[in-house]
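Each chain is listed here by its residues.
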Amino acid sequence: MGIFSRTRDIVAANFADLLDRAEDPAKTIRVIILEMEETLVEVRASAARTIADGKEMRRHIAKLDSLQASWTEKAELALSKNREDLAKAALVERQKAADMAEQLAAEVQVLDDALRSSEEDIAKLQKKLTEARAKQNGINTRLESANNRARLREMWNGPRTAEAFSRFDVLERRVDYAEGRAEAMGLGAAPKSLEEEIAELKASDKVDAELAALKARMGKEG
């Protein structure tokens, strides 16, 4: 059984309340739109039949008007020939046609009223359908946004992300260890004594002297 059963139910419906009570708003709005579209098709089909019936009745009324004119002419002819009995019979037939035309005219009025009502229903249904489709777009947008946020959170909190950050932690630990080793190599080294620093200077002077002598000798040989 559908959400709606009659046109007036759709027109009077509060979509917000329906969606608030729905377990699956997206599915509910799809069902609402489907039923509204089906109802709109039915109302339009009914309006089309009403229009067709009205046209047919108007054609009959036009024929009955012509028939009345014809019986009037016949009654006049009969009277001109002193046939009052025939004139009276012709007038009786004319009245029958007039009564039928009057009855059809009343039925046409009923059809016209029904057609105006159908036009109003169609306009209301169209408005409600537009409203429902707008809500559907809004729901779809919100659902898509929510699904995207859920996927991002799942990715952020998921095992692959945790594994990647775990690898980063391992690499940072290795770098910390390497830096620690370099710093540890300099720990505990005793400062040089004065004699050691002077001895280094003497050794440096000796090396410089030997280097100068080597350059001089190579210059003479060249």
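Residues numbered from 1 in each chain as written. Predicted model: local features only at pLDDT ≥ 70, side-chain atom pairs only at ≥ 80, totals over all residues. Heavy atoms only, no water.

Pulling in residues and values, what's your account of the overall build of the chain?
A tally of helices and strands in the chain yields six helices and zero strands. Counting helices and strands in the order they occur from the N terminus, the chain gives α-α-α-α-α-α. For the chain, the proportion of its 222 residues judged to be buried stands at 21%. (Helix = DSSP H or I, 4+ residues; strand = E, 2+ residues; numbered from the N terminus. Buried < 20%, exposed > 50% of the residue type's maximum accessible area, 1.4 Å probe, protein only.)

Describe in detail the pattern of salt bridges, supporting the description with residues and values.
This structure, assessed with the given rule, holds six salt bridges. The residue Glu-37 makes a salt bridge to Arg-133 at a minimum N-O spacing of 2.8 Å. Pair noted here: Glu-37 is in helix α3 (residues 25-80) and Arg-133 is in helix α4 (residues 84-157), with a separation of 96 residues, a long-range link. The salt bridge partner of Lys-128 is Glu-131, with a shortest N-O separation of 3.9 Å. Of this pair, Lys-128 and Glu-131 both sit in helix α4, three residues apart, which is roughly one turn of the helix. (Salt bridge = Lys/Arg side-chain N within 4 Å of Asp/Glu carboxyl O.)

Residue-level account of unusual backbone geometry, with values.
Of note in the backbone geometry, Asn-82 takes a positive phi value of approximately 60° without being a glycine. Turning to its location among the elements, Asn-82 is positioned in the loop between α3 and α4.

Quick one: what's the story with the side chain of Gln-68, residue by residue and with numbers?
Checked against the element boundaries, Gln-68 lands in helix α3. Residue contacts for Gln-68: discarding those within four places in its chain leaves Arg-94, Ala-97, Ala-98 and Ala-101. (Contact = heavy atoms within 4.5 Å.)

Could you give an account of the nonpolar core, naming the residues involved and the relevant values?
Within the largest apolar cluster, 14 residues are counted, with the highest numbers of intra-cluster contacts made by Ile-29 and Met-36. At the level of secondary structure, the elements contributing two or more residues to this core comprise α3 and α4. Among the elements that make up this core, the one with the highest residue count is α3 (seven residues). Counting residues in each nonpolar core, the second largest holds eight residues, with Met-57, Ile-61, Ala-101 and Leu-104 among its members. (Core = buried A, V, L, I, M, F, W, Y, C linked by side-chain atoms within 4.5 Å.)

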